[in-house]
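As a plain string of letters, each chain reads:
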Amino acid sequence: MAEAAVEEEPVVFQGEEPGASQHPILVAGDSYEELDYDLNVEENQGRRRVVSGTIAEIVENEVDGGAEQPILEEENFQNEVFVAGSINASEDHDETRETDLSDRVNDLSLSVETEARMVENDLNAQVEATDPSSEEEEMRIRSGSMVDRVQHDERPQPAEDMFSLEWKEKKKHVFVFSNAGKPIYSRYGKEDKLNPLMGVMLTLVSFVQIEKNTLRSFVAGKHLFVFLQRPPIILVAVSKTNESQQQLLMQLTYCYNHILSVLTHSQLSRVFEKRDNYDLRKLLGGTETFLDNLITLMDTDPCFLLTAIRCLPLDSAIRDMIGSAMHSAKVKDLVFAILIADNQLVTLVRMKKYILHPADLHLILNLLNKSTSFKSADSWLPICLPKFDSSGFLHAHISYLDNSPACLVLLTVDKMAFAEMASCKEKILERLQRNNCLVAIERAVSKGSFRCQEVGIGDLRHFLYKSRSTAQYTAPELDTPYDQPEERERLLSLYQYTHQRVHSPSRPLKIMFTVGSREAILGWVTGGFELFAIFGPLTTKQVAILAVNKLLKWIKKEETRLFILNPPEY
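If you're wondering where the values come from, they're calculated on a predicted model, not measured in any experiment.

**Q** Would you mind going over the confidence of the model for the chain with me for this structure?
**A** Atomic detail in the predicted coordinates should be set aside for any region of low pLDDT. On average, the chain scores 83 in pLDDT, and the residues at 70 or more come to 77%. pLDDT under 50 marks residues 65-135. Its contacts with residues more than four places away, or in other chains, come to 122 contacts.

Spelled out as structure tokens, the structure:
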């Protein structure tokens, strides 16, 4: 592809960016800046996660008379679940400083396979032959794995290991293991059979730490190895998909946050403080399918690339009625009320002062996307939202409304509030039915998003538009030639390539125009929005700039339908 940094800038008047709002419902920010900050803290000060205490603050604010009350149960593992009314037990960042480890690895006197087998024997010798202590067993039972909470498809148990051809041909692997080398998760294959490989990865991490440095990434053949160290665990992505180091680091961060959503950071730390070679799979058993699904979504859904949420296109009057119905049913300790349909946000009502991060909402969407049990009965389960508060659980009442695609998620700090949340849900449902809002949502879901033809730009094939102030994005339906799985994958790779170029830590670009044999793509980043637009291969730079100006005007005209601009709050 031929690419160029564009000097001309399309015209957007100050404060007139489409989708902008003074009352955002989601945290606005640059996730790559957040990631860089986290990595700097890790290198310069050691990984010391600060407990936010947000949930504890909410509970204290709700206490009558200011008397001290027991707050968040971050130290207990009671994760009850109500189903249908019953209780079930339950480096420097510059890319030029990436270290090529190939020479160092070659200095090792043993081959990788021999080293792997030696590490495996060493790790096996470390495993204690005794049964878990009664305290650990109680912790496991009381924590309740995700498989106990919701129904989902059983995870296949592939027999291939690191020496099989099928396993080696996978485009991207994700591994999670503890600082002691205990396997926790592998996207493909069975963790126990990959124990030697994870042992080698741990050896590389330790080898670099001896030199008082941090292993971030290296390239071996066609594969990029990316490491994310979040003591007491290490996450590794091995990819030949041409995704950048930053993009893979973001995906590993999502995987880490998923683990926290099940355990909380406090519990994760305490488990390994008691026993550094503890097998975390005992506490995460059954959640592997959700982590598999999360990684699959990151490979197919641009919301993770943009760190933004897609809203269901809906008439603003209908959306306002839905928000009013949710606001009027407010009960004590309700922090967030979220309505979702077809993996798109319908609206969100929040308690004043508190706001959700898009990454936390992505975890909720992944949970709903993978499980089918929520459609058959109201559910009650604890979930940690790491960006909101990594130290403890919120409690979620999840219900599909009147057999419609609309799913209501009520998040509270009170673990005993199932009855109150159920009553709140009934009040919301009654008002939505009275105003025919559920019918409107069903109609919007069946209609789907808009088409590129509606914009009226002949050579425009597809686009992604993100409002940075609201962390929301919009995109048209995938039409020819991107309506086939292979072409969808190729389209996302184009967006990933352009996204990594404009957000390059060493040389970020404001506007970039790239021409290939099949299409041309323009990427444009401002303080107010990000836009990535796909055109035909014969489109010139000047024509593309004129086209995106016209596109921005169209999005501005449709913004009340495509974005949530004035949400109510408690």
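From this point, the narrative continues.
**Q** Teacher, can you tell me more about helix H18 (residues 437-447) here?
**A** In an α-helix there are 3.6 residues to a turn, and that puts residues three or four apart on one side. Within H18, the full set of buried residues consists of Cys 437, Leu 438, Ala 440, Ile 441 and Ala 444. Mapping the buried residues of H18 onto a view down its axis gives an arc of 160°, with all of them on the same face. Exposed side of H18, more than 90 degrees from the buried face: Arg 443, Ser 446 and Lys 447 are the residues found there. Packing partners of the buried residues in H18 comprise helix H14 (316-328), strand S10 (334-341), strand S11 (344-350), strand S14 (406-412) and helix H17 (418-434). Gly 448 occupies a position one or two residues after H18 and carries a positive phi of about 80°.

**Q** Looking at this model, I keep getting lost on the environment of Asp 414. Mind explaining?
**A** Locating Asp 414 in the fold gives a position in the loop between S14 and H17. Judged by relative accessible area, Asp 414 falls into the partly exposed class, the value being 27%. In the structure, Asp 414 is positioned 82 residues away from Lys 332 in sequence and 9.0 Å away in space, judged by C-alpha atoms. Each residue touching Asp 414, except ones within four places of it in the same chain, is listed here: Asp 333, Trp 380 and His 395. There is a polar contact of 2.9 Å between the side chain of Asp 414 and the backbone nitrogen of Met 416.

**Q** I'm lost on the side chain of Asp 279 in this one. Help?
**A** Inspection of the secondary structure puts Asp 279 in the loop between helix H10 (265-274) and helix H11 (281-284). Asp 279 sits in the buried class, given a relative accessible area of 16%.

**Q** Would you take a moment to explain the sheet that holds strand S5 (residues 183-186) for this structure?
**A** Pairing between sheet strands relies on hydrogen bonds along the backbone, with the strands arranged either parallel or antiparallel. Pairing within the open sheet is antiparallel, and its five strands lie in the order S5-S4-S8-S7-S6. If you trace the sheet from one side to the other, it starts and ends with S5 and strand S6 (217-220), each paired once. Along the sheet, successive strands turn relative to each other by an average axial angle of 15°, direction set aside. Contacting strand S4 (172-178), S6, strand S7 (223-230) and strand S8 (233-239), helix H9 (residues 245-263) runs over the sheet at an angle of about 40° to S7.

**Q** Where do I start with the pattern of salt bridges in this structure?
**A** A side chain of one charge can pair with a side chain of the opposite charge if their charged atoms are brought near each other. Evaluation of the coordinates by the stated rule reveals 19 salt bridges. Here Glu 243 ties to Lys 172 by a salt bridge, and the two come within 3.0 Å at their closest N and O atoms. Of this pair, Glu 243 sits in the loop between S8 and H9 while Lys 172 sits in strand S4, and the two are 71 residues apart along the sequence. The buried category is assigned to Lys 172, whose relative accessible area is 4%. Close ionic contact of Arg 434 with Glu 430 constitutes a salt bridge, the shortest N to O distance being 2.6 Å. With Arg 434 and Glu 430 both in helix H17 and four residues apart, the pair spans about one turn of that helix. Relative accessible area serves as the criterion here: at 51%, Arg 434 is assigned to the exposed category.

**Q** Just to check I follow, could you spell out the nonpolar core for this structure?
**A** A general feature of soluble globular proteins is that nonpolar side chains tend to end up buried together. Core analysis: the largest hydrophobic core is formed by 57 residues, its most contacted members being Ile 233, Leu 235, Leu 263, Leu 280 and Tyr 495. At 11 residues, the largest contribution of residues to this core is made by H9. Excluding residues within four positions of it along the chain, Leu 263 makes contact with Leu 268, Leu 280, Leu 283, Leu 284 and Phe 393. Core analysis: the second largest hydrophobic core is formed by 37 residues, Leu 26, Val 335, Leu 348 and Ala 471 among them.

**Q** What is the right way to look at the packing of aromatic side chains in this model?
**A** How two aromatic rings sit relative to each other is set out by the distance from centre to centre and by the angle between their planes. Taken as a whole and assessed by the stated rule, the structure comprises 12 aromatic pairs. With a centroid separation of 5.0 Å and an interplanar angle of 55°, the aromatic rings of Phe 450 and Trp 554 are classed as tilted. With Phe 450 in the loop between H18 and strand S15 (460-467) and Trp 554 in helix H20 (residues 541-557), the pair connects residues that are 104 residues apart, well separated along the chain. Of the aromatic side chains, those joined through ring pairs into one cluster are Tyr 465, Trp 524, Phe 529 and Phe 563. Positioned above the aromatic ring of Tyr 188 is the side chain of Lys 170, whose terminal nitrogen or guanidinium carbon lies 4.7 Å from the ring centre. Note that Lys 375 overlies the ring of Tyr 400, its terminal NZ or CZ placed 5.8 Å from the centroid.

**Q** Is there a simple way to explain the side chain of Ser 404 in this structure?
**A** For Ser 404, the position within the fold is in the loop between strand S13 (394-400) and S14. Here Leu 401 takes part through its backbone oxygen, which lies 2.6 Å from a polar atom of the side chain of Ser 404. What Ser 404 contacts, discounting residues up to four positions off in sequence, is Leu 438 and Glu 442.

**Q** Hey, could you run me through the packing of H14 against H17 in this one?
**A** Helix packing for two helices is described by the angle between their axes and how far apart those axes are. In the contact formed by H14 and H17, the axes pass within 8 Å of each other and the chain directions differ by 150°. Taken together, the axes of H14 and H17 lie roughly antiparallel to each other. Both H14 and H17 take part in a crossing whose hand is right-handed. Taking contact as the criterion, the partners of Ile 322, Ser 324, Ala 325, Met 326 and Ser 328 in H14 are, on H17, Ile 428, Arg 431 and Leu 432. A per-class count over the contact of H14 with H17 returns five nonpolar, two polar and one charged.

**Q** Would you explain H17 in this entry?
**A** The end-to-end C-alpha distance of H17, which contains 17 residues, comes to 24 Å, matching closely the 24 Å that a straight helix rising 1.5 Å per residue would cover. Buried residues of H17: Phe 418, Met 421, Ala 422, Cys 424, Lys 425, Ile 428, Leu 429 and Leu 432, and no others. Along the axis of H17, the buried residues cluster in a sector spanning 160°; they form a single face. Within H17, the exposed residues directed more than 90 degrees away from the buried face are Ala 419 and Arg 434. Just downstream of H17, Asn 436 is the residue with a positive phi angle, here 60°.

Each value, and the rule that gives it
- Residues numbered from 1 in each chain as written.
- Predicted model: local features only at pLDDT ≥ 70, side-chain atom pairs only at ≥ 80, totals over all residues.
- Heavy atoms only, no water.
- pLDDT = per-residue confidence, 0-100.
- Contact = heavy atoms within 4.5 Å.
- Buried < 20%, exposed > 50% of the residue type's maximum accessible area, 1.4 Å probe, protein only.
- Helix = DSSP H or I, 4+ residues; strand = E, 2+ residues; numbered from the N terminus.
- Arc of directions from axis to C-beta.
- Polar contact = N/O pair within 3.5 Å; in protein donor to acceptor, adjacent residues only side chain to side chain.
- Pairing = 2+ DSSP bridges.
- Axes fitted to C-alpha atoms, helices over the stretch in contact; angles between N-to-C directions.
- Salt bridge = Lys/Arg side-chain N within 4 Å of Asp/Glu carboxyl O.
- Core = buried A, V, L, I, M, F, W, Y, C linked by side-chain atoms within 4.5 Å.
- Phe/Tyr/Trp six-rings, centres within 6.5 Å; stacked < 30°, edge-to-face > 60°.
- Lys NZ or Arg CZ within 6 Å of the ring centre and 35° of its normal.
- Parallel < 35°, antiparallel > 145°, perpendicular 65-115°, else oblique.
- Left-handed = near helix turned anticlockwise from the far one by under 90°.
- Nonpolar A, V, L, I, M, F, W, Y, C, P; charged D, E, K, R; others polar.
- Expected span 1.5 Å × (residues − 1).

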